[in-house]
Amino acid sequence: MLKRITVMTLVFALSASLVACSTKEGNSDQAQKLTIVDWDANSISYRQAAVYDAFEKKYNVKIELETPPDYGKLQAMVDSGNVTWDVVNVDSFYGKLAGQQGLFEPLDYNVINKEGYNDQTATANFIASDSFATVISWNPTKIDAANAPKTWADFWDTSKYPGGRSAYKFPAPTIEMALLADGVTKDKLYPLDVDRAFKKLDGIKKEFKTWWTSGAQVPELLTNGTATLSTAYDGTLTAQKKKGTPVEFTYENAFRSYLGWVIPKGTKNKDLAMKFIAFSTSQDVQLEYGKNADYAPANQKAIDKLSDADKQRLGVTPELQEMQIAADDSYWIENFDKLNERFGQWLLE
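This report concerns the structure included in the present document. None of these values were measured; they are calculated from a predicted model. (Residues numbered from 1 in each chain as written. Predicted model: local features only at pLDDT ≥ 70, side-chain atom pairs only at ≥ 80, totals over all residues. Heavy atoms only, no water.)

## So, the overall build of the protein chain
Across its full length, the protein chain carries 15 helices and 10 strands. In terms of C-alpha radius of gyration, the protein chain reaches 23 Å, essentially the compact-globule figure of 20 Å for 349 residues. Principal-axis analysis of the C-alpha atoms places the extent of the protein chain at approximately 85 × 40 × 35 Å. Scored against the burial criterion, the 349 residues of the protein chain give a buried share of 50%. If you take every contact in the protein chain between residues at least 6 apart in sequence, the share linking residues at least 24 apart comes to 70%. Accessible surface for the protein chain amounts to roughly 17300 Å². Of this, 51% is attributable to carbon and sulfur atoms. Charge centroids of the protein chain, computed over 39 positive and 46 negative side chains, lie 2 Å from each other. (Helix = DSSP H or I, 4+ residues; strand = E, 2+ residues; numbered from the N terminus. Rg over C-alpha atoms; globule rule 2.2 N^0.38 Å. Buried < 20%, exposed > 50% of the residue type's maximum accessible area, 1.4 Å probe, protein only. Contact = heavy atoms within 4.5 Å. Areas by Shrake-Rupley, 256 points an atom, 1.4 Å probe, with all protein chains shown as cover. Lys, Arg positive; Asp, Glu negative; His and termini not counted. Charge placed at Lys NZ, Arg CZ, Asp CG, Glu CD.)

Structure below.
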């Protein structure tokens, strides 16, 4: 906020400006503050060293982290003009939709280098930070590798895989799952045949014992027997497998989606926020992130530089990427409201 400088404060102001001019860019004596909103402790831990700590050191910035991204709160901040968040990590679908609605600042691609990104991962108001896959998961102590599910038709097959089902309580990619289970091929998936999808969902609705709202719920559902099969986020299960939790999954027919950065409209720290996004999406930083995280970087140039073992672990080898399905954000931006309402009504029926 600009302050009116009186005669009594003029000397102090001039002194401060001289000190500032004598320091290097981003390295003033007084650290700037940047408030960044990330998803949870795991997301923060993956980014801590490669992104947050490194940016603080390079630009003499104090990053204040908050969790989780609350889209309703974000909208209220922008609407009221009282914006206290500078950078927020959001789903790509929401980032693009809310960006079109005017909630976010335009990204300056003179500052941010788009090399390694495409039209889906870098748009006017959103640029991807990392990617995740929505996969079919199960408990390997109950389903062995030889009989493991591979398709969404398997997910619907209650004769071969008796027991409960669980999925994210959200229309996407639930509707896509149902259509693939009903025989629609990947190249014919969009635009979605919604009536056909809900008819297919009706056939297995009673088996959905639980609809999860946080990926962290899935390992418990699989280990306690509530769900024989569940959708899940690949990174969550990878982290649990490291701890010895009996969970397994496949990248076959998984849905690849992105998370990414936006700058709320009206932030007082837009320039610094832009520098942060430029830094965090750069090839070198993305590469370091990918080496240590359980989710893949979004910058394809960084992915190309990962070791073969890391590419395999993150589900981004050329072969694994080929068997996955890219979520169509443009379709959901156009149709989300009506499909979300219909999905909510279907859950209540």
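## Here we look at the nonpolar core
When a protein is soluble and globular, its nonpolar side chains tend to lie buried together. Counting 42 residues, the largest nonpolar core has Leu34, Ile36, Tyr52, Phe55, Val87, Phe276 and Ile277 as the members making the most contacts within it. Ranked by residues supplied to this core, first place goes to helix H10 (residues 270–280) with 7 residues. In terms of nonpolar packing, the next biggest core, distinct from the first, is built from 39 residues, Tyr161, Val194, Leu201 and Ile333 among them. (Core = buried A, V, L, I, M, F, W, Y, C linked by side-chain atoms within 4.5 Å.)

## Points about helix H15 (residues 329–348)
Taken as a whole, H15 carries its principal kink of about 70 degrees at asparagine 335. Listed as buried for H15 are Asp329, Tyr331, Trp332, Ile333, Asn335, Phe336, Leu339, Phe343 and Trp346. Each element contacted by the buried residues of H15 is listed here: helix H4 (92–100), helix H6 (171–181), helix H7 (194–202) and strand E6 (208–212). (Bend = angle between axes of the 7 residues up to and from the residue.)

## Focus: empty space enclosed by the protein
Counted under the stated rule, the structure contains 1 cavity of 30 Å³ or more. In this structure, the largest cavity occupies an estimated 40 Å³ of space. Together, Arg47, Val51, Ser129, Trp261, Ser280, Gln286 and Tyr289 line the largest cavity. Elements with a contribution of two residues or more to the lining of the largest cavity: helix H2 (41–59) and helix H11 (283–292). For the lining of the largest cavity, the per-class residue count stands at 3 nonpolar, 3 polar and 1 charged. (1 Å grid on protein atoms, 1.4 Å probe; cavity = no way out; pocket = protein on both sides within 12 Å on 5 of 7 lines; lining within 4 Å. Points joined across faces, edges and corners; volume = space filled by probe spheres on them. Nonpolar A, V, L, I, M, F, W, Y, C, P; charged D, E, K, R; others polar.)

## Section: unusual backbone geometry
Note the cis peptide between threonine 67 and proline 68, where omega equals -15 degrees. By secondary structure assignment, the location of proline 68 is in the loop between strand E2 (61–66) and helix H3 (71–80). Note the cis peptide between alanine 172 and proline 173, where omega equals 5 degrees. You can see proline 173 is positioned in helix H6. Located in the positive-phi region is asparagine 60, a residue other than glycine, with phi close to 50 degrees. Among the structural elements, asparagine 60 can be located in the loop between H2 and E2. The backbone phi angle of asparagine 253 is positive, close to 65 degrees, even though this residue is not glycine. The topology assignment puts asparagine 253 in strand E8 (residues 248–262). Given a relative accessible area of 18%, asparagine 253 falls into the buried group.

## A short note on the side chain of glutamate 176
Within the secondary structure, glutamate 176 is located in helix H6. At 2.8 Å, the side chain of glutamate 176 and the side chain of tryptophan 332 are in polar contact. (Polar contact = N/O pair within 3.5 Å; in protein donor to acceptor, adjacent residues only side chain to side chain.)

## Section: the environment of glycine 163
Relative to the helices and strands, glycine 163 resides in the loop between helix H5 (152–156) and strand E5 (165–168). Sequence-wise, glycine 163 and leucine 348 are 185 residues apart; in three dimensions their C-alpha atoms are separated by 22 Å. Residues within four places of glycine 163 in sequence aside, it is in contact with Glu207 and Thr228.

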